[in-house]
Protein chains: 2
Amino acid sequence: MAKEKLHIVKIGGNIIDDSRALQLFLSDLASVKENCLLVHGGGKMATALAKQLGIEAQLVNGRRITDSEMLKVVVMVYAGLINKQIVAHLQSGGCNAIGLCGADANIIPAVKRAAGAVDYGFAGDISPETIPATTISRLIGDGYTPVIAPITHDGEGQLLNTNADTIASSLAIALSGIFDVYLHFCFEKKGVLKDSDDDDSVIDRIDEQKYAELKRDGTISGGMLPKMDNAFHAISSGVQEVTIGHASSLTGIITQQPHAGTRIIK
Amino acid sequence: MAKEKLHIVKIGGNIIDDSRALQLFLSDLASVKENCLLVHGGGKMATALAKQLGIEAQLVNGRRITDSEMLKVVVMVYAGLINKQIVAHLQSGGCNAIGLCGADANIIPAVKRAAGAVDYGFAGDISPETIPATTISRLIGDGYTPVIAPITHDGEGQLLNTNADTIASSLAIALSGIFDVYLHFCFEKKGVLKDSDDDDSVIDRIDEQKYAELKRDGTISGGMLPKMDNAFHAISSGVQEVTIGHASSLTGIITQQPHAGTRIIK
């Protein structure tokens, strides 16, 4: 029997910070008729709230150091305010959203990252193998659109902070045994750009060979590298396709219209 | 066919503020073998956070006035931090908790309270009739213990703040068509006291006639009155029994041991 399709959509922080763009994106998502699951990032709200509370945000290599005070802030902002605002908006559009973090129904078990050269604090590392895919597929089968905040737990009562891109790709891999999974990273750019100064220079498709070229000539660098590595890891682990594109192109991305984002293929 | 039992437990704010008492209570809850659903209040954390952020908390007749800034705070604290900390703790005790607010899966539709003599702001009024009992019973049937934060929504994208006692009794009434519902209000007192200065003067049982007497002679007054009215409304609307007791007596309350709280009966 052919598997059903599942779209796993990751929405990035810059869109979350732009309430108009977020609302348009959520309205598009609510109108998708196929199975969907949304993973959201955090945006600048957590950093702003921490600052107001006198907690200093620390980043090492673009990753947040999560001490116990910062953990409280990200749980409040990610699993509380952002998650529930997204759910309420999707519900208003007729989409039966259910907002969860990784502790809820134990959907994303994690392990606290061991302190090495850097102590990342309450950061949770996850693996597709330990994600209970049938629990999540049953929620989807019951007609829910899970909306997942990037907070996990260690199974011993400790909440942890986990990168939302990693959650999206791990869920995609874990669920690829049950669904034909299409993973979409939506953010504030139209896709992978040939020329970083030209927002319209989107590269339509990238396979492994092309990726090697684009890395060599410096077209892809910086923050895009872990996203691309994540994407290739996902498609080599059972995910059908990964798209990187603008949040405003969600409908085009999901219906695979030409020039709607960059498609990462085998 | 006999209905299954469902225990709906409301845990009050003073216990939530006492992390040791909360952990003991949650460990007891995790060990309950029968169907459970937990509703939690907010405690002082929201007020403290609002103060830190320079938002002034306003109360009229013991009810919080929820302006848009205060709404963000209660969503963060109730549906975020408190809800997820409770879920992580229950999960660590082997209880398959799933943390939800009223917007999730649309489990508690609400209506924004119209401004009258007092404008309560983003306060949500609810009714047992509009609660989708089968949605919640399916989650319980699937083996989950729902953990519900006192945040609701209007179905048009607006989150709202709703009293946790009201949520607990409305859920109890709504679910009494499907389950034999036992509603337990757990807080920092041993029950309804004959003598407010003597914590051991717990009244074992109160029926309507006794309640009328206790109101007349002033034994029950103040903040206990709405709790009692809620309780009698629940048992006259299909709920089997309501107990009011100390959070540390949860096991005794659930197994109906003598002197474990005050039992409100028809």
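Residues numbered from 1 in each chain as written. Chains lettered and ligands numbered in written order. Predicted model: local features only at pLDDT ≥ 70, side-chain atom pairs only at ≥ 80, totals over all residues. Heavy atoms only, no water.

A. Looking closely at the packing of helix α3 (residues 45-52) of chain A against helix α4 (residues 68-92) of chain A. Residue and element names in this part refer to chain A. One can describe the packing of α3 onto α4 by two numbers: an axis separation of 9 Å at closest approach and a directional angle of 135°. In this view, α3 runs oblique relative to α4, as classed from their interaxial angle. α3 and α4 meet at a crossing whose hand is right-handed. Along the contact surface, α3 presents Met-45, Ala-46, Leu-49 and Ala-50, while α4 presents Met-70, Val-73, Val-74, Met-76, Val-77, Tyr-78, Leu-81 and Ile-82. Of the residues contributing to the contact of α3 with α4, the split by class is 12 nonpolar, no polar and no charged. (Axes fitted to C-alpha atoms, helices over the stretch in contact; angles between N-to-C directions. Helix = DSSP H or I, 4+ residues; strand = E, 2+ residues; numbered from the N terminus. Parallel < 35°, antiparallel > 145°, perpendicular 65-115°, else oblique. Left-handed = near helix turned anticlockwise from the far one by under 90°. Contact = heavy atoms within 4.5 Å. Nonpolar A, V, L, I, M, F, W, Y, C, P; charged D, E, K, R; others polar.)

B. Here's a closer look at the interface of chain B and chain A. Contacts between chain B and chain A engage 36 residues on the former and 36 residues on the latter. Of the roughly 2,900 Å² buried where chain B meets chain A, counting both sides, 66% is carbon and sulfur surface. Considering only the surface of chain B that becomes buried against chain A, B:Met76, B:Leu81 and B:Lys84 emerge as the three largest contributors, covering 18% of it. In this assembly, chain B and chain A are joined by four salt bridges. Between B:Lys84 and A:Asp104 there is a salt bridge, with its nearest N and O atoms 2.8 Å apart. At the boundary of chain B and chain A, one finds nine residue pairs in polar contact (both at pLDDT 80 or more). Elements with a minimum of two residues in the side of chain B that touches chain A: α3 (45-52), α4 (68-92), β5 (97-100) and α5 (133-141) of chain B. Broken down by element, the side of chain B that touches chain A gets its largest block of residues, 14 residues, from α4(B). Split into classes, the residues belonging to the side of chain B that touches chain A amount to 17 nonpolar, 13 polar and six charged. (Buried area = accessible area lost by both parts, 1.4 Å probe. Salt bridge = Lys/Arg side-chain N within 4 Å of Asp/Glu carboxyl O. Polar contact = N/O pair within 3.5 Å; in protein donor to acceptor, adjacent residues only side chain to side chain.)

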